[in-house]
Structures are given as C-alpha cells and as structure tokens.
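Notes for the structure review
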Amino acid sequence: MNPLHLFHITNIRIMQDITNGRCGWCGTDELYVKYHDQEWGKLVTDDKTLFEFLVLESAQAGLSWITILKKREGYRKAFYNFDAELVAQMTDEDVERLMQFEGIVKNRLKIKSTITNAKLFLAVQKEFGSFYNYTLSFFPDKKPIINTFRSLSEIPVSSPESDAMSKDMKKRGFKFFGTTICYAHLQASGFINDHLTDCICRKVRLSGNFWLVSFKISYLCLPLFYETRTTPSCHPSGCAYRQL
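Residues numbered from 1 in each chain as written. Predicted model: local features only at pLDDT ≥ 70, side-chain atom pairs only at ≥ 80, totals over all residues. Heavy atoms only, no water.

Position of aspartate 194 among the secondary structure elements: in the loop between β4 (192–193) and β5 (204–207). Salt bridges are absent for the buried aspartate 194, whose nearest opposite-charge side chain, arginine 202, sits at 6.6 Å. (Helix = DSSP H or I, 4+ residues; strand = E, 2+ residues; numbered from the N terminus. Buried < 20%, exposed > 50% of the residue type's maximum accessible area, 1.4 Å probe, protein only. Lys, Arg positive; Asp, Glu negative; His and termini not counted. Salt bridge = Lys/Arg side-chain N within 4 Å of Asp/Glu carboxyl O.)

The next subject is the state of the cysteines. Under the definition given, this model contains 0 disulfides. No disulfide involves cysteine 26; its nearest neighbouring cysteine sulfur is the one of cysteine 23, lying 6.8 Å away. What makes cysteine 26 buried here is its relative accessible area of 1%. (Disulfide = S-S within 2.5 Å.)

As enumerated under the stated definition, the model contains 11 salt bridges in all. The closest approach of N and O atoms between arginine 72 and glutamate 52, which form a salt bridge, is 2.9 Å. With arginine 72 in helix α5 (residues 72–78) and glutamate 52 in helix α3 (residues 47–60), this residue pair connects regions lying 20 residues apart in the sequence. Exposure remark for arginine 72: the relative accessible area of 11% places this residue in the buried category. A salt bridge links arginine 172 to glutamate 127; the nearest nitrogen and oxygen atoms lie 2.9 Å apart. Of this pair, arginine 172 sits in helix α10 (residues 160–172) while glutamate 127 sits in helix α8 (residues 108–128), placing them 45 residues apart in sequence. On the basis of relative accessibility, which here comes to 26%, the residue arginine 172 falls in the partly exposed class. Salt bridges here are not isolated pairs; linked through shared partners, they connect Glu39, Glu52, Arg72, Glu73 and Arg76.

Aromatic ring pairs are defined here through the distance separating the ring centres and the angle between the ring planes. Using the criterion set out here, one finds 12 aromatic pairs in the structure. Their ring planes at 20° and their centres at 6.1 Å tell us that tyrosine 75 and phenylalanine 79 sit as a pair that is stacked. For the pair shown, tyrosine 75 and phenylalanine 79 are each scored as buried. Their ring planes at 40° and their centres at 6.0 Å tell us that phenylalanine 139 and phenylalanine 191 sit as a pair that is tilted. Taken together, the positions of phenylalanine 139 in the loop between α9 (131–136) and β3 (145–146) and phenylalanine 191 in the loop between α11 (179–188) and β4 put the pair 52 residues apart, joining distant regions of the chain. With a relative accessible area of 0%, phenylalanine 191 lands in the buried category. Every member of this aromatic cluster is reached through a ring pair, and the members are Phe51, Phe121, Phe128, Phe131, Tyr134 and Phe138. (Phe/Tyr/Trp six-rings, centres within 6.5 Å; stacked < 30°, edge-to-face > 60°.)

This part takes up α8. In this model, α8 (21 residues) spans 30 Å end to end at C-alpha, consistent with the 30 Å of a helix rising 1.5 Å per residue. All of the buried residues in α8 are Lys110, Ile111, Ser113, Thr114, Ile115, Asn117, Ala118, Leu120, Phe121 and Val124. Contact partners of the buried residues in α8: α3, α6 (84–87), α7 (92–98), α9 and α10. The opening residue of α8, the one whose side-chain oxygen lies 3.0 Å from the backbone nitrogen of leucine 109, is asparagine 107. (Expected span 1.5 Å × (residues − 1). Contact = heavy atoms within 4.5 Å. Polar contact = N/O pair within 3.5 Å; in protein donor to acceptor, adjacent residues only side chain to side chain.)

Written as structure tokens, this is what we have:
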C-alpha cells in the first residue's frame with residue numbers, strides 16, 4: 001500500500017517530508033493517518049495478512065492507494081475475508097458476480113488475477129512452508145531492512161529485493177505484481193522499513209529495559225525488533241504513482 005506512486009514525480013518537491021510528526025505522504029487524511037500509524041511498516045508474519053496485502057497491492061496497480069483503502073472492506077467481503085484457499089476455488093461465475101459488485105474496482109483482469117494469484121500463493125506456501133519464509137528468502141541474511149531516509153525524495157520505488165522477488169513471482173505466474181508494486185508490498189508488510197527518521201514511528205528512546213515512544217501513538221508503528229511495515233517515496237501501496 002503506497003500512496004506516493006503516481007504523484008511521486010510531480011508532487012514530491014512540494015510535499016512536506018514530515019506532517020504533524022509523521023511521514024508527509026499521509027498528510028492529514030484520517031484514513032491515511034490511521035494506516036500510517038497502525039499498519040504501514042509493521043512486520044507481518046501471518047500469511048493470511050500477507051495474502052490480503054498481495055490482493056490489495058495488485059488491485060491498486062495504476063490507481064491511487066486511497067481508492068483501494070476506501071474499498072478495503074469491499075475486497076474483504078468479495079474475497080472471503082482474504083482466505084487464499086477459498087479464493088483459489090472461485091470460478092468464472094464468481095468473476096461475473098464481482099463485476100457487478102460495487103465494493104471493489106470492477107476490473108475483470110484484476111479479479112481473475114486475484115484468483116490465479118491465490119492458487120500460486122498456496123503453491124508457494126507448500127514449497128517454502130509459508131509465504132513469509134518465501135519473502136525473506138530474497139533478503140540478505142533473511143532479515144528485514146530498516147532504512148534511514150530523512151526525506152521522501154530519498155525513498156526508492158524499487159530495490160534489489162523487490163526486483164528479485166517480482167521476477168521470481170512473474171516466473172511462477174503471478175499477475176499485477178511488478179517490482180514497484182512488490183516494493184510497496186514489502187514496505188506495507190514491514191520487510192522494508194521506510195518511515196523517515198524524523199517520523200514519530202521512529203522516535204523512541206531506551207529507558208531501563210523498556211522502549212518508550214516519544215509520542216502517545218508512536219508505539220503503534222514502532223518497529224520493535226522488526227515488528228513493523230512500509231512503502232516507497234513514501235508508500236502505502238496505493239499511491240497513484242505506482243506502476244507495474
């Protein structure tokens with residue numbers, strides 16, 4: 001989920017790096033702020049949640065993240081609460097039904113790709129034990145990455161990890177998951193932490209044996225021992241700026 005994508009090139013120069021103590025991409029929109037504070041950058045180890053992000057990220061391709069974020073509950077309803085096994089069993093009749101459902105983006109190719117991706121997701125789980133393990137296999141020492149960017153303009157839209165992972169996923173048959181979408185997915189699910197260094201989610205101090213957050217809500221997005229998530233140039237995977 002990454003909101004800077006399609007607007008990155010044109011708006012990055014005027015977008016503030018930090019807004020109200022947070023990464024500037026979330027601005028003051030309540031939905032974005034909640035997503036930034038409570039989800040973006042928190043490491044996801046649960047495969048069901050990783051599948052949810054995979055569905056949402058691929059649906060967002062070419063669109064703004066806020067569009068998908070507002071339809072999130074619609075996607076949850078349409079795709080069996082993001083149960084990969086049930087989604088993998090969906091048929092052409094389900095595709096036609098969802099083409100009439102107002103809760104999601106009615107794009108036939110994306111709906112069909114979600115079903116295809118669900119089948120491939122299950123295959124990856126079987127091969128690697130979990131999609132989480134599969135994702136980490138593309139990282140040095142199989143550990144998440146915490147970047148130290150101070151400005152939104154420093155945050156890339158892809159990385160060697162997203163390049164390698166998206167390339168492998170393409171070989172396996174995954175759709176709507178190029179390196180830019182993949183990078184946003186890695187940010188959102190916490191495998192790459194791109195919260196700016198001055199963001200409240202990064203401002204913590206060590207006191208005794210406890211990590212204390214400098215703001216009341218900081219703990220929500222604090223990457224405690226990699227317990228976090230993220231995106232490019234200030235991602236949430238939905239930024240209109242995202243490209244395949």
